[in-house]
Amino acid sequence: MEREKLSSRLGFILISAGCAIGIGNVWKFPYVAGQNGGAIFILIYLLFLILLGIPIMTMEFSMGRASRRSPARIYEQLERPGTHWHYHGKIAVAGNYLLMMFYTTVAGWMLKYFLDFTFGWIDMSSP
């Protein structure tokens, strides 16, 4: 079975951006930035995004290319005998399930607010 590939570099960039940005940055980031110093908060956020995000992303891409496996199976393929890195794969899958619980809850709130606003179910005149 042939491995799936993205058809363009733009597709890869858009998928990577979607994974990196996430709902948390769109939903809560402006509020947190405004409450915690504005521009300096954004500069510190970008600094840590570069210092932590790029090395982790590079490591994940390297491991994916080396193993040609799913994120859950990467560690089983690449770990040395006697090490316990395969546990990290199981923890990562569990973390993804927890993250999806958060995203579905926030997406539900967003849908409810949109419908309330669209159909006038919210009284916008009262504070």
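Residues numbered from 1 in each chain as written. Predicted model: local features only at pLDDT ≥ 70, side-chain atom pairs only at ≥ 80, totals over all residues. Heavy atoms only, no water.

Remarks on the overall build of the chain
Counting its regular elements, the chain contains 5 helices and 0 strands. Taken from N to C terminus, the helices and strands of the chain fall in the order α-α-α-α-α. Burial status across the chain gives 9% buried among its 127 residues. Summed over all atoms, the accessible surface of the chain reaches about 10900 Å², with 69% contributed by carbon and sulfur. (Helix = DSSP H or I, 4+ residues; strand = E, 2+ residues; numbered from the N terminus. Buried < 20%, exposed > 50% of the residue type's maximum accessible area, 1.4 Å probe, protein only. Areas by Shrake-Rupley, 256 points an atom, 1.4 Å probe, with all protein chains shown as cover.)

Side note on helix α5 (residues 86–119)
End to end, α5 covers 50 Å across 34 residues, agreeing with the expected 50 Å (1.5 Å per residue, within 8%). Buried within α5 we find G89, V106 and D116. Backbone geometry just after α5 places G120 at a positive phi near 75°. (Expected span 1.5 Å × (residues − 1).)

Looking at the packing of aromatic side chains
Within a pair of aromatic rings, the relevant descriptors are the distance that separates the centres and the angle that separates the planes. Counted under the stated rule, the structure contains 2 aromatic pairs. Ring centres of Y75 and W85 lie 6.3 Å apart, and the angle between their planes is 15°; on these two criteria the pair is classed as stacked. Of this pair, Y75 sits in helix α4 (residues 74–78) while W85 sits in the loop between α4 and α5; the two residues are 10 residues apart in sequence, bridging distant segments of the chain. Taking the relative accessible area as the measure of exposure, W85 reaches 51% and is therefore exposed. When the ring of F102 is compared with that of Y103, the centres are 5.6 Å apart and the planes differ by 45°; the resulting orientation is tilted. (Phe/Tyr/Trp six-rings, centres within 6.5 Å; stacked < 30°, edge-to-face > 60°.)

What to know about the confidence of the model for the chain
Atomic detail in the predicted coordinates should be set aside for any region of low pLDDT. Of all residues in the chain, 84% attain a pLDDT of 70 or more, and the chain-wide mean is 79. Across the chain, the secondary-structure element scoring lowest on mean pLDDT is helix α1 (residues 9–27), at 71, and the one scoring highest is α5, at 85. (pLDDT = per-residue confidence, 0-100.)

A closer look at helix α3 (residues 39–67)
Over its 29 residues, α3 extends 41 Å from the first C-alpha to the last, a length consistent with the 42 Å expected when each residue adds 1.5 Å. G53 marks the point of greatest bend in α3, at about 30°, and the proline P55 comes within the next four residues. When we look at burial in α3, the residues that qualify are M63, G64 and S67. Buried positions along α3 lie against α4. (Bend = angle between axes of the 7 residues up to and from the residue. Contact = heavy atoms within 4.5 Å.)

Details of the pattern of salt bridges
As enumerated under the stated definition, the model contains 3 salt bridges in all. Here R73 ties to E76 by a salt bridge, and the two come within 3.3 Å at their closest N and O atoms. Given the relative accessible area of 46%, R73 is considered partly exposed. A residue is classified by how much of its surface remains accessible, and E76, at 39% relative accessible area, is partly exposed. Notably, a salt bridge pairs E76 with K90, separated by 3.9 Å at the nearest N-O pair. Separated by 14 residues along the polypeptide, E76 in helix α4 and K90 in helix α5 bring together distant segments of the chain. The exposure class assigned to K90 is partly exposed, which follows from its relative accessible area of 48%. (Salt bridge = Lys/Arg side-chain N within 4 Å of Asp/Glu carboxyl O.)

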